[in-house]
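# Architecture and fold: a report
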Amino acid sequence: EDQVTQSPEALRLQEGESSSLNCSYTVSGLRGLFWYRQDPGKGPEFLFTLYSAGEEKEKERLKATLTKKESFLHITAPKPEDSATYLCAVQEYGGSQGNLIFGKGTKLSVKP
Amino acid sequence: NAGVTQTPKFRVLKTGQSMTLLCAQDMNHEYMYWYRQDPGMGLRLIHYSVGEGTTAKGEVPDGYNVSRLKKQNFLLGLESAAPSQTSVYFCASSYTSGADTQYFGPGTRLTVL
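Throughout this description, residue numbers start from 1 for each chain and increase along the sequence as written. Going through the entries in the order they are written, you letter the chains from A and number the ligands from 1. With the structure being a predicted model, the display of local features is reserved for residues of pLDDT at least 70 and the display and counting of side-chain atom pairs for 80 or more, all residues being used for whole-chain, interface and lining totals. To obtain the side-chain values, all non-hydrogen atoms of the structure were used and water was disregarded.

### With respect to the overall build of chain B
Helices and strands together make up the secondary structure of chain B, namely zero helices and eleven strands. By the criteria applied, helices consist of DSSP H or I runs no shorter than four residues and strands consist of E runs no shorter than two, each listed in order from the N terminus. Helices and strands appear in chain B in the N-to-C order β-β-β-β-β-β-β-β-β-β-β. Its C-alpha atoms give chain B a radius of gyration of 13 Å, near enough to 13 Å, the size a compact globule of 113 residues would have. Dimensions of chain B, computed from C-alpha atoms along their principal axes, come out at roughly 35 × 30 × 25 Å. For every residue, the accessible area obtained with a 1.4 Å probe (protein chains only) is divided by the maximum for its type, and the residue is called buried under 20%, exposed over 50%, and partly exposed between those limits. Of all 113 residues assigned to chain B, the portion counted as buried reaches 50%. Should any heavy atoms of two residues lie within 4.5 Å, those residues are counted as being in contact. When contacts within chain B are restricted to residue pairs at least 6 apart in sequence, those whose partners lie at least 24 apart make up 55%. Per-residue and other accessible areas follow the Shrake-Rupley method at a 1.4 Å probe size, with only the shown protein chains counted as cover for residues. Taken as a whole, chain B presents about 5200 Å² of accessible surface, with 52% of it coming from carbon and sulfur. With the radius of gyration taken over C-alpha atoms, the globule rule is written as 2.2 Å times the number of residues to the power 0.38.

### Brief notes about the sheet that holds strand S8 (residues 73–78) of chain B
In any sheet, the strands associate via hydrogen bonds between backbone groups, in a parallel or an antiparallel arrangement. Residue and element names in this part refer to chain B. Pairing between two strands is assigned when DSSP locates at least 2 bridges connecting them. Pairing is antiparallel across the open sheet formed by four strands, whose spatial order is S1-S3-S8-S7. Edge positions in the sheet fall to strand S1 (4–7) and strand S7 (65–67), since each of these pairs with one other strand and no more. The average undirected angle you get between the axes of adjacent strands in this sheet is 20°. Alignment of S1 against strand S3 (residues 19–25), held across four bridges, turns out to be antiparallel. Opposite threonine 7, over in S3, you have leucine 22 as the bridge partner. Working convention: axes come from line fits to C-alpha atoms, limited for helices to the stretch in contact. Angles between N-to-C directions cover 0 to 180 degrees.

### Side note on the pairing of strand S5 (residues 45–50) of chain A
Residues and elements named next belong to chain A. Across five bridges, strand S4 (residues 30–38) lies against S5 in antiparallel orientation. Bridge assignment links phenylalanine 34 to a residue of S5, and that residue is threonine 49. Where S4 folds back on S5, the antiparallel hairpin that results is connected by six residues, among which glycine 41 adopts a positive phi of roughly 75°.

### Describing the state of the cysteines
All names here are of chain A. In what follows, a disulfide is any cysteine sulfur pair within 2.5 Å. Going through the model one piece at a time under the given rule, you end up with two disulfides over all chains. Two residues share a disulfide in this structure: cysteine 23 and cysteine 88, whose sulfurs sit 1.9 Å from each other. Linking cysteine 23 and cysteine 88, the disulfide has an S-S dihedral of approximately -65° and is accordingly described as left-handed. Note that cysteine 23 is positioned in strand S3 (residues 19–25) and cysteine 88 in strand S9 (residues 84–92), a separation of 65 residues in sequence.

See below:
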């Protein structure tokens, strides 16, 4: 069973059409939840870290939220340049030093 | 600041050949990591280092070796490459391990024929 599950696998939006990406996790003790953006042929680019339920962080059109079981990445009025794969990762207490457990990602396409 | 850099960007090997991937960071980070990324799977940790002169196994260490002789460099070696090692390899670094942000390099695309 995957410890980090992202949904949907792929999402196609029209420019300006807001939506949310989901990341659910089953680790026993959450140390931190990370969101990354990955463009084709490039390395993951850090977006947010969330540490406790109820926490929210925003950056431009992106807003990340966290509950005890899942995180959402809300995208408001997306633009074509927001097209990328969004990765979620968790770090748990007691795991290997600094080890991040990644989900498989959500591929977002925003059409003009 | 170059951040995390990786050499080479692309490489094609024949089964049984060996090679070394180089990762360098200029952020004075203590922790460094090697991941592999395969289609349909999340990034998986191969090996990591908590400081100069240290290394440890991650989730998928078989067939790989690593060395951290200098704080800024982390090397990943394949002694006898296999087709199953065809993948994109990413290096990352962080200041500490305590839920600290890991910063990733641009990746190396390796094909083993």
